[in-house]
Amino acid sequence: MSSLIALGTGGAATVATFYLYVGVRGKHKIDVKDEHVPYWAFGIGLLSANAGTAFQQLAGIGQQLSEAFQGNAALGEWKVGATAALLTIGVFGLKPRPWKDALCGAIAPSLFAAAGGLWTLPASLTGIITAFIG
């Protein structure tokens, strides 16, 4: 047996995305609270790093967001860590909104990995998750 749960990263990302979608709707047996959406989305972002091309676009969104700030001369010098900090404050500092938290949570792992330093600690969970789900 190569893993505890034989889903694969693409399958696990799809299952987690569907679970989040059904749970946020809240009209069924699965209920995901608005406060928990960023954590689910962060997990989806971690899984998408090793998934197929359908999920590879999440990393591109984070990169484009960071480049938009870096290309703005009015802001001066802007690093990826500043974008990661801004994203984190936006998720945890504002009122929970599923659409905002799902998008920000899903692109956060790629920004954290690109920022380096302490930001890579949460993003380093990818290896553990990949070993667990196969």
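Reading the values: rules and limits
Residues numbered from 1 in each chain as written. Predicted model: local features only at pLDDT ≥ 70, side-chain atom pairs only at ≥ 80, totals over all residues. Heavy atoms only, no water. Helix = DSSP H or I, 4+ residues; strand = E, 2+ residues; numbered from the N terminus. Buried < 20%, exposed > 50% of the residue type's maximum accessible area, 1.4 Å probe, protein only. pLDDT = per-residue confidence, 0-100. Axes fitted to C-alpha atoms, helices over the stretch in contact; angles between N-to-C directions. Parallel < 35°, antiparallel > 145°, perpendicular 65-115°, else oblique. Left-handed = near helix turned anticlockwise from the far one by under 90°. Contact = heavy atoms within 4.5 Å. Nonpolar A, V, L, I, M, F, W, Y, C, P; charged D, E, K, R; others polar. Core = buried A, V, L, I, M, F, W, Y, C linked by side-chain atoms within 4.5 Å. Salt bridge = Lys/Arg side-chain N within 4 Å of Asp/Glu carboxyl O.

### Looking at the environment of tyrosine 39
Positionally, tyrosine 39 belongs in helix α2 (residues 37-48). The exposure class of tyrosine 39 is exposed, given its relative accessible area of 51%.

### A closer look at the environment of phenylalanine 42
Structurally, the position occupied by phenylalanine 42 is in helix α2. Separated by 68 residues in sequence, phenylalanine 42 and serine 110 place their C-alpha atoms 9.9 Å apart.

### What about the confidence of the model for the protein?
Caution applies to low-pLDDT regions: their predicted coordinates should not be interpreted in detail. Across the protein, pLDDT averages 80, with 88% of residues at or above 70. Mean pLDDT across the secondary structure elements of the protein bottoms out at helix α7 (residues 126-133), with 63, and peaks at helix α4 (residues 80-93), with 88.

### Looking at the packing of helix α3 (residues 53-70) against α4
A packed helix pair is summarised by two numbers, namely the angle formed by the two axes and the spacing between the axes. In the contact formed by α3 and α4, the axes pass within 9 Å of each other and the chain directions differ by 115 degrees. Looking at the two axes, α3 sits roughly perpendicular to α4. Between α3 and α4 the crossing geometry is right-handed. Together, Leu65, Ser66, Phe69 and Gln70 of α3 and Val80, Thr83 and Leu86 of α4 make up the contact between the two elements. Residues that form the contact of α3 with α4 fall into these classes: four nonpolar, three polar and no charged.

### Description of the nonpolar core
Counting 14 residues, the largest nonpolar core has Phe42, Leu87, Ala108 and Phe112 as the members making the most contacts within it. Counting only elements with at least two residues in this core, the list comes to α2, α4 and α5 (98-115). The biggest single contributor to this core is α5, with six residues. Excluding residues within four positions of it along the chain, leucine 87 makes contact with Cys104, Ile107, Ala108 and Leu111. If you look at the next biggest cluster of nonpolar residues, it comprises ten residues, including Leu20, Val32, Leu47 and Phe55.

### Observations concerning the pattern of salt bridges
Under the counting rule described, the total for this entry stands at three salt bridges. Its salt-bridge partner being glutamate 77, residue lysine 79 comes within 3.3 Å of it at the nearest N-O pair. Comparing lysine 79 with glutamate 77, the two get one shared label, exposed. Across the pair aspartate 101 and lysine 100 runs a salt bridge whose closest N-O atoms are separated by 2.6 Å. Both residues of the pair, aspartate 101 and lysine 100, count as buried.

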